[in-house]
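# Results of the structural survey
The chain contents come next:
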Amino acid sequence: MLKLLVKKQLSEIFRVYFYDAKKNKARSKVSTIMFMLWFAVIMIGVLGGIFTMLSRKLCAPMAALDMGWMYFALMGLIAILLGTFGSVFNTFSGLYLAKDNDLLLSMPIPVSAIVASRLVSVYIMGLMYSAVVIIPAWIVYMVTAGVNIKNLFGGMILTLLISVFVMTLSCLLGYVVAKVSLKLKHKSMITVLVSLIFIGGYYFVYFKAQSMITDLLTNLVVYGDKIKGSAYLLFAFGSVGVGDAKAILIMLALVAVTFLMMWFLISKSFLQVATSTGKVSKVVYHKKTMKQESVTKALLFREFKHFTSSPGYMLNCGLGIFLMPICAVALLWKGRKIFIMLNGMFGGQDGSVLLLLTIMLCGLTSMDIMTAPSISLEGKSLWIVQSLPVTPWQVLRAKLDMQLILNSIPVMLCMICTAVVCPFKIGQFVMMILQVLSFVFVMAVFGLFMGVIKPVLTWTNELAPIKQSASVMITMFGGFGYTALLFIGYMMLPGYTLGYMLYIGIFIAVNVVAGLTLYIWLKTKGCDRFAEL
């Protein structure tokens, strides 16, 4: 029974390699093998290669100072972090709040077998992500310091300890996430905010990594003494990798205790969490007069509700909406310094700084392509909106208006902040506003145009039309290509000889003509095509 349950869990995790959700059918054997090879290239070749290079940079100076424990402590912590992050959300959805909990619990299957099978899948996921860090680190250390029984045995034990601890930590964090998610109301917005915080943290660490590594290697002895004195467990954790017997016994005991605590917690709480339906507030009906809304407002509210209820939709097609307020604050905080720096670099070409700021704003708005997948997201429910007593144009107009509203407000805030900190002439500022807003309009109508002519309605997961449809790809790369052309034409080609006002004026004219042409097409032929879908 346990073997069958484990097989079921793994088939669900790696379902994408065997089943094509976009075409709603099983993949061919060749396609499955290619997907698996691609996954191996990403995990072993790319991620493994990155951590191998990091290991080579850290290992030699630490091994030379007989501080192999610090090397393993650092790489082990990275392995725990990556392993936990890679498996915690699988724990949340696969262990506690799996969709088949009710079905399995209704069968004559012991609860312990269900829990054990899901723990095995959590362990495998954690091992997969943590091993891609710690195994290259272990191999690099043996190559650098030499192979002996102690570091060979120590590396094996460290890998085992990390994988078990990652499973334990993932289960504990997954329990917290599951309990919290049952009490949250606005889960989609919280998911987006957490994702944005993680993305911001990632880039902060990425840009600071080189300086942190340099500082660590420069002060190895100082940091080593501090860790031995005030963080003995971290010292013992790293000493496992070099085969220290005392450290191995301490860490084995510690990991075993935390694992048993986790097993006790899951055994006591699994049924409660798995069968919980979340917090349901008691609603008391109060008689009130319903306010009738216009068709236009009702359809627009429908689009906003769909957008804000889908984290994947918001993150993949509306990232610029969240970045533009951050950009506005950054402009008020560091805008003058940025302007002085850019003016020193490009001041020789008149209007270059203003053009770069315009390109930055256009680039931010080009990340917002809500109209491109909006028709595809109707999916098999498209007949509902087509059967309503509304015209096709009213439906398309609501999708168009949503992107225009969500883009125009934050980008205007950015432009106002830009005008506050940068000394522009009023004419230049007006031209910037016209260029950015006309670009917003062109992107919205172009995305809707692509959505009408390239819809994907046969999907089983809404991420398929959001990430894989031709309309999204063409719209996204079209926006990036436009901003690149705006830069190349002025900075590399002789566009700067026309001056900022005339150069941007040409693009504004093109935007208006192209935007109105697409708008008229959508209002006529586009409506006919939408009605026939």
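Read on for an overview of the structure. All of these numbers come straight from a predicted model, not from anything done at the bench.

Along the backbone of the protein chain there are 21 helices and two strands. Counting the 533 residues in the protein chain, one finds 44% classified as buried. Surface exposure of the protein chain reaches about 28400 Å², of which carbon and sulfur atoms provide 72%.

Our next topic: a nonpolar patch on the surface. On the surface, Trp-38, Val-41, Ile-42, Val-46, Ile-50 and Met-53 cluster together into a nonpolar patch covering about 580 Å² of accessible area. Inspection of the secondary structure puts Val-41 in helix α2 (residues 29-64). Residue Val-41 is classed as partly exposed on the basis of its relative accessible area, which comes to 43%.

A word on the nonpolar core. Within soluble globular proteins, side chains that are nonpolar generally end up buried alongside one another. Formed by 55 residues in total, the largest nonpolar core has its most connected members in Leu-355 and Met-432. Considering each element in turn, this core owes the most residues, nine residues, to helix α14 (residues 352-365). Membership of the second largest hydrophobic core comes to 36 residues, among which are Ala-79, Val-133, Val-240 and Ile-248.

A separate point is the environment of Lys-334. Mapping Lys-334 onto the fold places it in helix α13 (residues 319-346). Look at Lys-334 and you get partly exposed, because its relative accessible area is 31%. A sequence separation of 87 residues divides Lys-334 from Val-421, and the C-alpha atoms of the two residues are 8.8 Å apart.

What follows deals with the packing of aromatic side chains. Using the criterion set out here, one finds 14 aromatic pairs in the structure. Through pairs of rings, three or more aromatic residues link up here, namely Phe-439, Tyr-482, Tyr-490, Tyr-503 and Phe-507. Its end group placed over the ring of Trp-333, Lys-334 keeps NZ or CZ at 4.9 Å from the ring centre.

Moving on: helix α8 (residues 220-230). For α8, every residue scored as buried is listed here: Leu-220, Gly-224 and Ile-227. Angularly, the buried residues of α8 cover 65° about the axis, an arc narrow enough to put them on a single face. Opposite the packed face of α8, turned more than 90 degrees from it, sit the exposed residues Lys-226, Gly-229 and Ser-230.

Let us look at unusual backbone geometry. Negative phi characterises most residues that are not glycine, and trans characterises most peptide bonds. The backbone of Asp-66 shows a phi angle near 60°, a positive value even though the residue is not glycine. Structurally, Asp-66 is set in the loop between α2 and α3 (68-96). Asp-66 sits in the exposed class, given a relative accessible area of 66%.

When the charged atoms of two side chains with opposite charge come close together, those side chains can pair. Scanning all chains against the criterion turns up five salt bridges. For Arg-302, the salt bridge is made with Glu-303, and the minimal N-O distance between the two is 3.1 Å. The exposure class assigned to Arg-302 is partly exposed, which follows from its relative accessible area of 32%. For Glu-303, a relative accessible area of 5% corresponds to the buried category. For the salt bridge of Lys-399 with Glu-378, the shortest nitrogen-to-oxygen distance reads 2.8 Å. With Lys-399 in helix α17 (residues 392-421) and Glu-378 in the loop between α15 (371-374) and α16 (382-387), this residue pair connects regions lying 21 residues apart in the sequence.

One can find Pro-465 in helix α19 (residues 463-467). The class of Pro-465 is buried, set by a relative accessible area of 0%.

Taken N-terminus to C-terminus, the directions of α8 and helix α9 (residues 232-241) make an angle of 110°; their axes are 5 Å apart at the nearest point. Comparing their axes, α9 and α8 come out roughly perpendicular. Within the contact between the two elements, α8 uses Ile-227, Lys-228 and Ser-230 and α9 uses Tyr-232, Leu-234 and Phe-235. Class assignment of the residues belonging to the contact of α8 with α9 gives a composition of four nonpolar, one polar and one charged.

Attention now moves to the environment of Trp-333. Considering the arrangement of structural elements, one finds Trp-333 in helix α13. Of the residues examined, Trp-333 reaches a relative accessible area of 68% and is grouped as exposed. Between the alpha carbons of Trp-333 and Val-421 there is a distance of 9.1 Å; along the sequence they are 88 residues apart.

Compared with the 50 Å implied by 1.5 Å per residue over 34 residues, the 47 Å span of helix α21 (residues 499-532) between its first and last C-alpha is a close match. A maximum bend of about 45° is found in α21 at Gly-526.

Our next topic: the state of the cysteines. Under the defined criterion, the tally for this structure stands at zero disulfides. Left unpaired, Cys-414 is separated from the closest cysteine sulfur, that of Cys-327, by 4.3 Å.

Before going further, it helps to examine the packing of helix α18 (residues 426-453) against α21. Close contact between α18 and α21 brings their axes to 8 Å; oriented N to C, the two are set at 25°. Between α18 and α21, the crossing angle belongs to the class labelled roughly parallel. The handedness of the crossing between α18 and α21 is left-handed.

The next point concerns the side chain of Ser-310. Counting through the fold element by element, Ser-310 comes out in the loop between α11 (295-308) and α12 (311-317). On the accessibility criterion, Ser-310 (2% relative accessible area) is buried.

Quick look at the side chain of Thr-358 now. Its location among the elements puts Thr-358 in helix α14. Taking the relative accessible area as the measure of exposure, Thr-358 reaches 0% and is therefore buried. Only 2.9 Å separates the side chain of Thr-358 from the side chain of Tyr-500, close enough to count as a polar contact. With sequence-adjacent residues up to four places away left out, Thr-358 is seen in contact with Met-432, Gln-435, Val-436 and Tyr-500.

What counts as what
Residues numbered from 1 in each chain as written. Predicted model: local features only at pLDDT ≥ 70, side-chain atom pairs only at ≥ 80, totals over all residues. Heavy atoms only, no water. Helix = DSSP H or I, 4+ residues; strand = E, 2+ residues; numbered from the N terminus. Buried < 20%, exposed > 50% of the residue type's maximum accessible area, 1.4 Å probe, protein only. Areas by Shrake-Rupley, 256 points an atom, 1.4 Å probe, with all protein chains shown as cover. Patch = residues over 30% accessible without salt bridge, like charges linked within 9 Å, V, L, I, M, F, W, Y side chains within 5 Å. Salt bridge = Lys/Arg side-chain N within 4 Å of Asp/Glu carboxyl O. Core = buried A, V, L, I, M, F, W, Y, C linked by side-chain atoms within 4.5 Å. Phe/Tyr/Trp six-rings, centres within 6.5 Å; stacked < 30°, edge-to-face > 60°. Lys NZ or Arg CZ within 6 Å of the ring centre and 35° of its normal. Arc of directions from axis to C-beta. Axes fitted to C-alpha atoms, helices over the stretch in contact; angles between N-to-C directions. Parallel < 35°, antiparallel > 145°, perpendicular 65-115°, else oblique. Contact = heavy atoms within 4.5 Å. Nonpolar A, V, L, I, M, F, W, Y, C, P; charged D, E, K, R; others polar. Expected span 1.5 Å × (residues − 1). Bend = angle between axes of the 7 residues up to and from the residue. Disulfide = S-S within 2.5 Å. Left-handed = near helix turned anticlockwise from the far one by under 90°. Polar contact = N/O pair within 3.5 Å; in protein donor to acceptor, adjacent residues only side chain to side chain.

Purely geometric numbers; function is a separate question.
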